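# Report on the structure
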Amino acid sequence: MNVRPAAVAGYFYPDNARELRAAVLEHVVRAKPDGPVPKALIAPHAGYQYSGPVAGSAYALIAPRRDVIERVVLIGPSHRVGFAGLALPDASAFATPLGDVALDRAAIDRIRPLPQVIVSNHAHRQEHSIEVHLPFLQETLGPFSLVPLLTGEAAPSEVGAVIDALWGGQDTLIVVSSDLSHYHDYATASRMDAATSAAIEALRDEDIADDHACGAVAIRGLLWAARRRGLAARTLDLRNSGDTAGSKDRVVGYGAYAFDESAI
């Protein structure tokens, strides 16, 4: 098997399986989920000590569908490698300290002919934006397969078309991986992130600028698809590193959002 090894275990999250499981469960159990099981989520991807509590508020919501969700479409930004479109890896599975997550070859084959979809192991090799979500999914869900996509330069409609092609039913969960504003003082970050949250709740992809979120490309694509499908977005948690595990002079923002089909 061509398994993509964990690149940031021991750095963004514990590399010991027992410690990792305990860290994930702590963040999920402390969350107080409210509302229906969402079709899609936006959740952050920083080190667990910083963004784990916010991510936990998103993943706690999907626990009631543990044995229903069989496929996760996980879309995150490429932080290190530039390219046009959305990049898949040439791999059969992603590894974490909790085990391997198999890729969904049938779903991947469905989107591979799209002109905006490429294959780039180089982009995936050291990227953390997808990897840090996998332990949360492994602990929250039963067995599931993965469609991992990294975004480069892409229009909302290009990302949205990929999401549409993978939409599926209740067996499919869509997750966009993104932090919010980066390295502003606490007050500035709070204002920026509140405006970003308002744009997400209003499904206004045109109001999400690149400096509002590192996963802005993926967020805009999800909002484009959600608006077309009549979904409703809600903010689950909105904090920054000054609230969780850092000083307030230079912070990174974290938000968790749910997209509900029940609003249709």
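Preceding this section is the structure that the text describes.
This write-up is about the structure you can find in this document. Keep in mind that this is a model prediction, so the values were computed, not measured.

Tallying secondary structure elements over the chain gives nine helices and twelve strands in all. Relative to its length of 264 residues, the chain is compact, with a C-alpha radius of gyration of 17 Å against a globular reference of 18 Å. When burial is assessed residue by residue, the chain has 56% of its 264 residues classed as buried. Of the contacts formed within the chain by residues at least 6 apart in sequence, a portion of 81% connects residues at least 24 apart. Both charge centroids of the chain, one from 24 positive and one from 31 negative side chains, sit 2 Å from each other.

Interhelical geometry of helix H1 (residues 17-30) versus helix H2 (residues 48-59) gives an angle of 60 degrees and a closest axis separation of 7 Å. In terms of axis orientation, H1 runs oblique to H2. H1 and H2 meet at a crossing whose hand is right-handed. Here Leu-20, Val-24, His-27 and Val-28 of H1 lie close against H2, whose contacting residues are Tyr-48, Gly-52, Pro-53, Gly-56 and Tyr-59. Per-class residue counts for the contact of H1 with H2 are six nonpolar, three polar and no charged.

For the rest of this paragraph, the subject is the pattern of salt bridges. Enumeration according to the criterion identifies 14 salt bridges in this entry. The partner of Asp-205 in a salt bridge is Arg-227, with the nearest N and O atoms 2.8 Å apart. Taken as a pair, Asp-205 in the loop between helix H7 (186-201) and helix H8 (216-229) and Arg-227 in helix H8 lie far apart in primary sequence, 22 residues in all. By relative accessible area, Asp-205 is classed as buried at 8%. According to the relative accessible area criterion, Arg-227 is partly exposed, its value standing at 39%. Linking Asp-243 and Lys-248 is a salt bridge whose minimum nitrogen-to-oxygen distance equals 3.9 Å. Under the relative-accessibility criterion, Lys-248 is labelled partly exposed at 45%.

Okay, the nonpolar core next. Core analysis: the biggest nonpolar cluster contains 83 residues, and Tyr-59, Val-72, Leu-137, Val-147, Leu-149, Ile-200 and Phe-259 have the highest contact counts within it. If one sorts the elements of this core by residue count, H8 sits on top with nine residues. Residues in contact with Leu-137, not counting those within four places in the same chain, are Tyr-59, Ile-62, Val-72, Leu-74, Phe-144 and Leu-173.

Here the focus is the side chain of Ser-178. Tracing the backbone through its elements, the reader meets Ser-178 in the loop between strand E9 (172-177) and strand E10 (182-184). Polar contacts involving the side chain of Ser-178 include one to the main-chain amide nitrogen of Gly-215, which spans 2.9 Å. With near-sequence residues (within four places) excluded, Ser-178 lies in contact with Ala-43, Pro-44, His-45, Ala-213, Cys-214, Gly-215, Ala-216 and Ile-219.

Take the layout of surface pockets next. Put simply, the largest pocket is a space of about 470 Å³. Taken together, 20 residues make up the lining of the largest pocket; nearest its centre are Phe-12, Ala-46, Gly-47, Tyr-183 and Val-252. Those elements that provide at least two residues to the lining of the largest pocket are H2, E10 and strand E12 (251-260). Residues that form the lining of the largest pocket fall into these classes: eight nonpolar, nine polar and three charged.

Let us look at the sheet that holds strand E5 (residues 93-96). Read across the sheet, three strands follow the order E1-E5-E6 without closing on themselves; strand pairing throughout is mixed. Lying at the two open borders of the sheet, with one neighbouring strand each, are strand E1 (3-4) and strand E6 (99-102). Pairing between E1 and E5: two bridges, direction parallel. Residue pairing across strands places Arg-4 opposite Phe-94, the latter belonging to E5.

What counts and how
Residues numbered from 1 in each chain as written. Predicted model: local features only at pLDDT ≥ 70, side-chain atom pairs only at ≥ 80, totals over all residues. Heavy atoms only, no water. Helix = DSSP H or I, 4+ residues; strand = E, 2+ residues; numbered from the N terminus. Rg over C-alpha atoms; globule rule 2.2 N^0.38 Å. Buried < 20%, exposed > 50% of the residue type's maximum accessible area, 1.4 Å probe, protein only. Contact = heavy atoms within 4.5 Å. Lys, Arg positive; Asp, Glu negative; His and termini not counted. Charge placed at Lys NZ, Arg CZ, Asp CG, Glu CD. Axes fitted to C-alpha atoms, helices over the stretch in contact; angles between N-to-C directions. Parallel < 35°, antiparallel > 145°, perpendicular 65-115°, else oblique. Left-handed = near helix turned anticlockwise from the far one by under 90°. Nonpolar A, V, L, I, M, F, W, Y, C, P; charged D, E, K, R; others polar. Salt bridge = Lys/Arg side-chain N within 4 Å of Asp/Glu carboxyl O. Core = buried A, V, L, I, M, F, W, Y, C linked by side-chain atoms within 4.5 Å. Polar contact = N/O pair within 3.5 Å; in protein donor to acceptor, adjacent residues only side chain to side chain. 1 Å grid on protein atoms, 1.4 Å probe; cavity = no way out; pocket = protein on both sides within 12 Å on 5 of 7 lines; lining within 4 Å. Points joined across faces, edges and corners; volume = space filled by probe spheres on them. Pairing = 2+ DSSP bridges.

Shape descriptors only; they carry no functional weight alone.
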